[in-house]
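Structure at a glance
Chain by chain, the residues:
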Amino acid sequence: MAIFLILAPYGAFTFLMLMTSATISVFVASAVCLATVAIDVVRGRSVKILAVGSALLFAAIGFHLALFDPALGTLGVKLSVDIGIFVISLGSMLVRRPFTLQYALESVPAETASMPGFLYANYVITGAWTAAALLMAAANLVLLYVPGLPLWSSLAVAFAARNSAIYFTKWYPEYRQIKYGAPASALPTSR
């Protein structure tokens, strides 16, 4: 369920980009981000760096489109989103709070969170998401500067990068469990 809530704003953005204007797409995605924050607050969970950062990112892009550059193309908007997510993800690691840590802390017991490899595992998983965002941005950048490439090539890279990060997020805790012999409840999950 957590992975659905985490990815819901980006799914809404991607779907709406096919159906309506970029301005509407980013504002709706921002609203979905805020809804996920509200769900976390209602459930007594922490406000997530990724959700708040994404809400601000989508809103900033929306205001930029509405006030300054309504002619910014679809690829420019997608590239802006991908770069923004990359900055949020990398920034969370640079300030020593990888964004996955907040989700992991809410899904494991306190003694698990105090294990030495716990923080490292979250850096690795956040790194995988950072790399996925970078790949998606690169694919959109290439498409922007090599207009002869088919649109599906960028979509294929985005699909592969996102799904690889999802798979890695599920696989890596199991791998650490096997490698280090920690009980399954001792490692973060992607619930």
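Everything quoted here is computed from the prediction, not taken from an experiment.

With that settled, the discussion passes to the overall build of the protein. Regarding its fold elements, the protein presents eight helices and zero strands. When the elements of the protein are put in sequence order from the N terminus, they spell out α-α-α-α-α-α-α-α. Expected size for 191 residues packed as a compact globule is a radius of gyration near 16 Å; at 17 Å, the protein falls within 12% of this value. Based on the C-alpha atoms only, the size of the protein along its principal axes is roughly 55 × 35 × 25 Å. Within the span of the protein, comprising 191 residues, buried residues form 44% of the whole. A separation threshold of at least 6 residues defines the contact pool for the protein, and within that pool the share at least 24 residues apart is 69%. Summed over all atoms, the accessible surface of the protein reaches about 10100 Å², with 73% contributed by carbon and sulfur. Looking at charge distribution, the protein has the averaged site of its 11 positive side-chain charges lying 5 Å from that of its 6 negative ones.

Turning to the nonpolar core, a few remarks are in order. Counting 32 residues, the largest nonpolar core has Phe13, Phe58, Val77 and Trp129 as its most contacted members. Contributions of two or more residues to this core are made by helix 1 (2-19), helix 2 (22-42), helix 3 (49-67), helix 4 (74-94), helix 5 (99-105), helix 7 (116-145) and helix 8 (151-180). Apart from the residues lying within four places of it in its own chain, the contact partners of Val77 are Phe13, Met17, Ala22, Val26, Ile61, Leu65 and Leu72.

This part takes up helix 2. With 21 residues, helix 2 extends 30 Å between its outermost C-alpha atoms, agreeing within 8% with the 30 Å of an ideal straight helix rising 1.5 Å per residue. Buried within helix 2 are the following residues: Ala22, Ser25, Val26, Ala29, Ser30, Cys33, Thr36, Val37 and Asp40. One side of helix 2 carries all its buried residues, which in axial view fall inside an arc of 135 degrees. Positive backbone phi, at 80 degrees, marks Gly44, one or two positions downstream of helix 2.

Take the packing of helix 2 against helix 3 next. Running from N to C, helix 2 and helix 3 cross one another at 155 degrees; their axes reach a closest spacing of 8 Å. Comparing their axes, helix 3 and helix 2 come out roughly antiparallel. Between helix 2 and helix 3 the crossing geometry is left-handed. Contacts from Ala22, Thr23, Val26, Phe27, Ala29, Ser30, Cys33, Leu34, Thr36 and Val37 of helix 2 reach helix 3 at Ala51, Val52, Ser54, Ala55, Phe58, Ala59, Ile61, Gly62, Phe63, Leu65 and Ala66. Tallied by class, residues from the contact of helix 2 with helix 3 come to 16 nonpolar, five polar and no charged.

Attention now moves to the pattern of salt bridges. Tallying each qualifying case throughout the model produces two salt bridges. The residue Lys48 makes a salt bridge to Asp40 at a minimum N-O spacing of 3.2 Å. You'll find Lys48 and Asp40 in the same group, each marked buried. Within this structure, Asp40, Lys48 and Glu106 form a network of salt bridges that share partners.

Looking now at the packing of helix 4 against helix 7. Where helix 4 contacts helix 7, the axes come no closer than 8 Å and their chain directions differ by 155 degrees. Overall, the two elements helix 4 and helix 7 adopt an arrangement that is roughly antiparallel. Where helix 4 crosses over helix 7, the two elements pack in a sense that is left-handed. Residues belonging to the contact of helix 4 with helix 7 are distributed by class as follows: 16 nonpolar, six polar and two charged.

Attention now goes to the environment of Arg162. Mapped onto the elements of the fold, Arg162 is located in helix 8. In sequence terms Arg162 and Tyr103 are 59 residues apart; their C-alpha atoms lie 18 Å from each other. Excluding residues that lie within four positions of it along the chain, Arg162 makes contacts with Leu7 and Trp129. Polar side-chain contacts of Arg162 include one of 3.1 Å to the side chain of Asn163.

The rules we used
Per chain, residue numbering runs from 1 following the sequence as it is written. With the structure being a predicted model, the display of local features is reserved for residues of pLDDT at least 70 and the display and counting of side-chain atom pairs for 80 or more, all residues being used for whole-chain, interface and lining totals. By convention in this description, side-chain values take in all heavy atoms of the structure and omit both hydrogens and water. Put simply, DSSP H or I for four residues or longer makes a helix, DSSP E for two residues or longer makes a strand, and each gets a number counted from the N terminus. The globule rule is 2.2 Å times the number of residues to the power 0.38, and the radius of gyration it is compared with is taken over C-alpha atoms. The rule is simple: take the accessible area with a 1.4 Å probe, protein chains only, and divide by the maximum for that residue type; under 20% is buried, over 50% is exposed, in between is partly exposed. When checking whether two residues touch, look at their non-hydrogen atoms; a contact exists if any pair is within 4.5 Å. In short, Shrake-Rupley with a 1.4 Å probe defines the accessible areas, and a residue's cover is counted only from the protein chains shown. Two residue types count as positive, namely Lys and Arg, and two as negative, namely Asp and Glu; His and chain ends fall outside the count. Charged groups are reduced to one reference atom each: NZ for lysine, CZ for arginine, CG for aspartic acid, CD for glutamic acid. Here the nonpolar core consists of buried residues drawn from Ala, Val, Leu, Ile, Met, Phe, Trp, Tyr and Cys, with membership extended through side-chain atoms lying within 4.5 Å. How far a helix is expected to stretch is found by multiplying one less than its residue total by 1.5 Å. What the arc describes is the spread of directions from the helix axis to the C-beta atoms. Axis definition: a line fit to C-alpha positions, over the contact stretch in the case of helices; interaxial angles, taken between N-to-C directions, run 0 to 180 degrees. Orientation is classified from the angle alone, with under 35 degrees giving roughly parallel, over 145 giving roughly antiparallel, 65 to 115 giving roughly perpendicular, and any other angle giving oblique. Crossing handedness is defined as follows: a turn of the near helix away from the far one that is anticlockwise and smaller than a right angle gives a left-handed crossing, while the clockwise case is right-handed. Any residue that is not Ala, Val, Leu, Ile, Met, Phe, Trp, Tyr, Cys, Pro, Asp, Glu, Lys or Arg is counted as polar, Gly included; the first ten are nonpolar and the last four charged. By definition here, a salt bridge exists when the distance from a side-chain nitrogen of Lys or Arg to a carboxyl oxygen of Asp or Glu is within 4 Å. Polar contact is the term for a pair of N or O atoms within 3.5 Å; when the atoms are in protein, one must be able to donate a hydrogen and the other to accept it, and sequence-neighboring residues count only if both atoms are side-chain atoms.

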